[in-house]
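What the coordinates show
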Amino acid sequence: MSPALAAFLKPTPFALKFACKGVLAMALALYAAFYFDLDRPYWALISAAFLQIRPMSGMVVEKGICQVGGTFVGICVAAVIMGLFAQVPELALGSVTLWIGLCIYGASLTHNNLSYGCVMGAVACMIVVVLTSSAPGNFFTVALARLSELSLGALCAVLVSALIWPIRVRNHLGVLADTAVNATFRYMALAFSMPLNSAQERGLSGSQAQRAQNMDERKAMLDQLMTGLDALNNLEIDAHSARYEGPQGKGRIRGVHLLTRRSMRLYATLKALHQLRHPEFFISHQDEQDAKASGSQHANQTEGSNVALMSERFSQPTIDLMQRLGAAFQSMADNQGTDQARATLKELRGECLRLSRGHRSIKALEARLLFSLREVLGHTLVMLQAREVINHPGRHQLRQPSMSWHRDHGRAATNALRAMCIFGVTATFWVATAWDNGAVAMLLGTLFSGIFASRDDPAPIIPMVLKGLLFAVPSVLLFGNVLLSQAQHFVPFILILSIPLFLGLMGSVVPVLAGICLPFVVFNILLVMPDNGMTFDVAYTLNRSLAAGIGLVVTILGFRLIPVPGASWDRKQLIRSTISDIRELSERSTERLDSWFGGRMGDRLLRLARHEQARNQEQVARGVSKEGELEQKISGSPLLSLGLTGMDIGRGISFVRRELGSKMPKEVERALKALILTLAEDFERATRGERPCHLESAGNRLCEAIATHKSMSRHKQALLAGWLARIHLTLDSDAIRQHHG
């Protein structure tokens, strides 16, 4: 049975509860609007419908506050516009166009319900100005009615969400936290699963099946990383709603911030450790070119020498410890108990400490490796604690700052320009035709251009909205014009009206139907327009449907003609923003450095991982040629690797600044700033496929300045030297990956 049929013939219990709650909230809002004799009761109905899209109690409260707040701000702006340009409708509409652009720009830069509030601010201003442009004396009546009806709908939605089959945000956050932690454990298990001689066993001379298995493992790592990053991203977006579910909500928010920060650090460290374990990542440009020129025999000799080089870099106890780590992470990925996992992690961390202290002749790179292994284990322990805080915040007390976010101002400006053009076209059409229902086209163009602005590729979604309208028109003709005309009281009226609304909400639970069913519900309300003086005129319904169709067609054309910037442009912007943030690492306060850089990089990592996933799908679709096997083997995941390297650079600089303190000698401060600028420069070179050329000298100057002024202990100086050596190798590897990727 297809998902569409199963959604209506075999609905899940959750779908039935969701539909019942949505219909009950809308019925309660409509009854209250009728009782208080409000001018446009369908606004209260639409308000309740939009708030039920995510029916978790805290989210409904937060979204309702943002909806009412955005509406209030939009009405205040409308008051200013009408006060200035009430006698000149063209200037009033031009001012509304600028306000819509500003609101959509703000909506594109936010990641939670504030985005919805910005859209409501644009819609409220537009509706009030349009409805009162011909009668400015009715401004305050229309504005008060708009605010009252939306507030009434929000209140009804909050009551139903909290009292009828309540769904709590805290449970949702617990599920997301489990998903993020388990995906991270699986990622760690895969990262440590390959033996150190995997390059020789699975190299260019290996069988096709072995190469395919290698690609499958790399794809599995990318999938787990995507799952973890996606869960962390949703955690940060949804966590703020937990503050509306009792005094423990703030504790859960702090637990989410802690989990996100430590996970970001862990991903960066794991990427570096994974590179250190596998010698194929240390192929130099000359070796790689020789491998392509002389074939697989020379490649195997190169990889064999790199395996020997690896054995010289690290002692056998360190290699054995890494193999034990792989087995331990695999055990945790198989749902090992939390207490047992903690005991295992503490034991392995103690073993790392004993190894680092037991060898006096340990090399800087191996010292840094052991320190990074201790960091991995420490981050994992904190992640387990953060998950416990999210589920049971009363047992722990945390103080964690909120995360910063990556802001794509170019994308936001594109969305704002598109929204302004869509409104400008529909407003010009309305003024030129003097068509009363032309306001419907303006409303839908503004609403959907704002709602879909935050999506990566909204162009394919809006035609589904048009399908929802096409399905809604016969439904409105049957239920809204024929059957509702026979209802004499509120009970039969709401029962008849609820049938298409219930079916639409029930189908919206299925992801493949949500893009059609949710617009179906909205258009049933907009085309019926239930109020105390409604008429059942088929011609009026068709007229309003035509206006809605025109608004959607203009919106579709707007998204086609002014599309979201392409993947290539988006990748370049993400890399440029990372380079800019690396340069700012010396200017930000040490206390906020991790949350600022880690939050912005976490959002970028998710987007880079999506680009990498799309790239892999394209490669699978077109097949990989034999000439590209070496390049694919060396290049790996260039986009994601660059993002993780940027995260690793920020984490390392944060460590250095914490150790040096705020009152460092001027010579050390100048050397540190020079190193940060050099890291940004060499990172930019790596994005172009060029090897780092100044990092080694800048790192030596910083180490010499620290040693001269004794700003660090010898142990920390060794760790810094090891980190600089590893970053140099990582950037060299990323340059090769980018060159071939």
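Keep in mind that this is a model prediction, so the values were computed, not measured. Numbering of residues starts from 1 in each chain and follows the order in which that chain's sequence is written. Reporting in this predicted model follows two pLDDT cut-offs: at least 70 for local features of residues, and 80 or more for side-chain atom pairs to be given and counted; totals over whole chains, interfaces and linings ignore these cut-offs and use all residues. Excluded from the side-chain calculation are hydrogens and water; included are all heavy atoms of the structure.

**Here's the deal with the overall build of the chain**
The condition is simple: Runs of H or I in DSSP of at least four residues are treated as helices and runs of E of at least two as strands, each being numbered from the N terminus. Relative accessibility decides the category of a residue: with a 1.4 Å probe and only protein chains considered, values under 20% of the type maximum give buried, values over 50% give exposed, and everything between is partly exposed. Residue contacts are defined here by distance: any two heavy atoms, one from each residue, within 4.5 Å place the two residues in contact. Per-residue and other accessible areas were derived by the Shrake-Rupley procedure at a 1.4 Å probe size, with only the shown protein chains allowed to occlude residues.
For the chain, the helix and strand inventory stands at 29 helices and 0 strands. Taking all 741 residues of the chain together, 57% fall into the buried category. Across the chain, every contact between residues at least 6 apart in sequence was considered, and the portion connecting residues at least 24 apart equals 82%. Accessible surface computed for the chain: about 30,700 Å², of which carbon and sulfur atoms make up 58%.

**Quick look at the packing of helix 3 (residues 41-51) against helix 4 (residues 57-85)**
Two packed helices can be described by the angle between their axes and the distance between those axes. Filter applied, for reference: Axis definition: a line fit to C-alpha positions, over the contact stretch in the case of helices; interaxial angles, taken between N-to-C directions, run 0 to 180 degrees. Relative orientations are named as follows: roughly parallel for angles under 35 degrees, roughly antiparallel for angles over 145 degrees, roughly perpendicular for angles from 65 to 115 degrees, and oblique for any other angle. Crossing handedness is defined as follows: a turn of the near helix away from the far one that is anticlockwise and smaller than a right angle gives a left-handed crossing, while the clockwise case is right-handed. Residue polarity follows a fixed list, in which Ala, Val, Leu, Ile, Met, Phe, Trp, Tyr, Cys and Pro are nonpolar, Asp, Glu, Lys and Arg are charged, and the others, Gly among them, are polar.
In contact at an axis separation of 10 Å, helix 3 and helix 4 are set at 135° when each is read in the N-to-C sense. Relative to helix 4, helix 3 is oriented oblique. Considering how the two elements wind past one another, helix 3 and helix 4 form a crossing that is right-handed. When helix 3 is examined against helix 4, the residues Ser47, Phe50 and Leu51 are found in contact with a partner set consisting of Val60, Lys63, Gly64 and Gln67. Residue composition of the contact of helix 3 with helix 4, grouped by class: 3 nonpolar, 3 polar and 1 charged.

**Some details on the environment of alanine 567**
Relative to the helices and strands, alanine 567 is located in helix 23 (residues 567-583). Alanine 567 sits in the partly exposed class, given a relative accessible area of 37%.

**Focus: the side chain of asparagine 233**
Of note, asparagine 233 is situated in helix 10 (residues 208-238). A residue is classified by how much of its surface remains accessible, and asparagine 233, at 11% relative accessible area, is buried. When sequence neighbours within four positions are dropped, the list of residues in contact with asparagine 233 reads Trp405, Asp603 and Leu606.

**Considerations on a nonpolar patch on the surface**
Rules: Patches draw on residues past 30% relative accessible area with no salt bridge. Two like charges within 9 Å are joined, as are two nonpolar side chains (Val, Leu, Ile, Met, Phe, Trp, Tyr) within 5 Å. Think of a salt bridge as a Lys or Arg side-chain nitrogen and an Asp or Glu carboxyl oxygen that are within 4 Å of each other.
Together, Leu24, Leu28, Leu155, Leu159, Leu163, Ile164 and Trp165 give the surface a local cluster of nonpolar side chains, amounting to about 650 Å² of exposed area. Those elements giving two or more residues to the nonpolar patch turn out to be helix 2 (13-35) and helix 7 (139-163). Of the residues forming the nonpolar patch, the biggest block, 3 residues, is contributed by helix 7. By the element assignment, leucine 28 lies in helix 2.

**Some points on the packing of helix 20 (residues 490-508) against helix 21 (residues 511-528)**
Where helix 20 contacts helix 21, the two axes come as close as 7 Å, and the packing angle between them is 160°. The orientation of helix 20 with respect to helix 21, classified from their angle, is roughly antiparallel. Along this stretch, helix 20 crosses helix 21, giving a crossing that reads as left-handed. Note on element contacts: helix 21 touches helix 20 through Leu513, Ala514, Cys517, Leu518, Phe520, Val521, Asn524, Ile525 and Val528, opposite Leu497, Pro500, Leu501, Gly504, Leu505, Gly507 and Ser508. Across the contact of helix 20 with helix 21, the residue classes break down as 12 nonpolar, 4 polar and no charged.

**Here's the deal with the pattern of salt bridges**
All told, the structure shown has 16 salt bridges when counted by the stated rule. Taking the shortest distance from any N to any O, the salt bridge between arginine 604 and aspartate 581 comes out at 2.6 Å. On the criterion of sequence distance, the pair formed by arginine 604 in helix 24 (residues 590-622) and aspartate 581 in helix 23 is long-range, its members being 23 residues apart. On the basis of relative accessible area, arginine 604 is assigned to the buried category, the value being 0%. The exposure class assigned to aspartate 581 is buried, which follows from its relative accessible area of 2%. In this structure, arginine 588 engages glutamate 584 in a salt bridge whose closest nitrogen and oxygen atoms are separated by 3.2 Å. Glutamate 584 sits in the partly exposed class, given a relative accessible area of 28%. Through salt bridges with shared partners, a single network forms among Arg583, Glu684, Arg685, Arg688 and Glu690.

**Looking at the state of the cysteines**
Basically, it comes down to this: Pairs of cysteine sulfur atoms within 2.5 Å are what we label disulfides.
A complete count under the given rule lists 0 disulfides for this structure. Here cysteine 103 is not cross-linked by a disulfide; its sulfur's nearest cysteine counterpart is in cysteine 118, at 6.2 Å. A relative accessible area of 6% places cysteine 103 in the buried class.

**Quick word on the nonpolar core**
What counts here: Residues grouped as a nonpolar core are buried Ala, Val, Leu, Ile, Met, Phe, Trp, Tyr and Cys residues, joined through side-chain atoms within 4.5 Å.
By size, the foremost hydrophobic cluster in this structure holds 102 residues, and its most contacted members are Phe192, Leu259, Phe329, Leu373, Leu585 and Leu679. With 12 residues, helix 16 (residues 364-391) is the single largest residue contributor to this core. Apart from the residues lying within four places of it in its own chain, the contact partners of leucine 259 are Ala177, Val181, Leu232, Leu235, Met383, Ala386 and Ile390. Membership of the second largest hydrophobic core comes to 101 residues, among which are Phe50, Ala78, Ala439 and Ile556.

**Re helix 17 (residues 409-433)**
Spacing of three or four residues puts side chains on the same side of an α-helix, whose turn is 3.6 residues. Put simply, the rule is: Take the residue count of a helix, subtract one, and multiply by 1.5 Å to get its expected span.
Its 25 residues give helix 17 an end-to-end C-alpha distance of 36 Å, which sits within 8% of 36 Å, the value for a rise of 1.5 Å per residue. A positive phi of about 55° marks alanine 434, the residue just after helix 17.

**Observations concerning helix 7**
With 25 residues, helix 7 ought to run about 36 Å at 1.5 Å a step, and its terminal C-alpha atoms sit 36 Å apart, in line with that. One or two positions beyond helix 7, positive phi appears at tryptophan 165, with a value near 45°.

**Focus on the environment of methionine 664**
Turning to its location among the elements, methionine 664 is positioned in the loop between helix 26 (638-660) and helix 27 (666-687). For methionine 664, a relative accessible area of 16% puts it in the buried group. The residues touching methionine 664, leaving out its near neighbours within four places in the chain, are Glu669 and Leu672.

**Side note on the environment of tryptophan 723**
By the secondary structure assignment, tryptophan 723 is in helix 29 (residues 714-740). Assessed through its relative accessible area of 1%, tryptophan 723 is described here as buried.

**Focus on the packing of aromatic side chains**
Put simply, the test is: Aromatic pairs are defined between Phe, Tyr and Trp rings, using the six-membered ring for Trp, whenever the two ring centres lie within 6.5 Å; interplanar angles under 30 degrees are classed as stacked, those over 60 as edge-to-face, and all others as tilted. To sit over a ring, a charge needs its Lys NZ or Arg CZ within 6 Å of the ring centre and within 35 degrees of the ring normal.
Under the definition given, this model contains 14 aromatic pairs. Here phenylalanine 14 and phenylalanine 18 contribute two aromatic rings whose centre-to-centre distance is 6.2 Å and whose plane-to-plane angle is 20°, an arrangement assigned as stacked. Pair noted here: phenylalanine 14 and phenylalanine 18 are both in helix 2, with a separation of 4 residues, about one helical turn. Each ring, one from phenylalanine 429 and one from tryptophan 435, has its centre 6.0 Å from the other, and the planes form 80°; the classification is edge-to-face. One aromatic cluster is present, formed by Tyr31, Phe34, Tyr35, Phe36, Phe490 and Phe493 through successive ring pairs. Here the guanidinium or amino end of arginine 146 rests over the ring plane of tryptophan 43, the centre of that ring lying 4.7 Å away.

**Brief notes about unusual backbone geometry**
The phi angle at tryptophan 165 is positive, at roughly 45°, despite the residue not being glycine. Structurally, the position occupied by tryptophan 165 is in the loop between helix 7 and helix 8 (169-191). The exposure class assigned to tryptophan 165 is partly exposed, which follows from its relative accessible area of 43%. At methionine 529, a residue that is not glycine, the phi angle is positive and equals roughly 50°. Its location among the elements puts methionine 529 in the loop between helix 21 and helix 22 (538-561).

Purely geometric stuff here, so don't read any function into it on its own.
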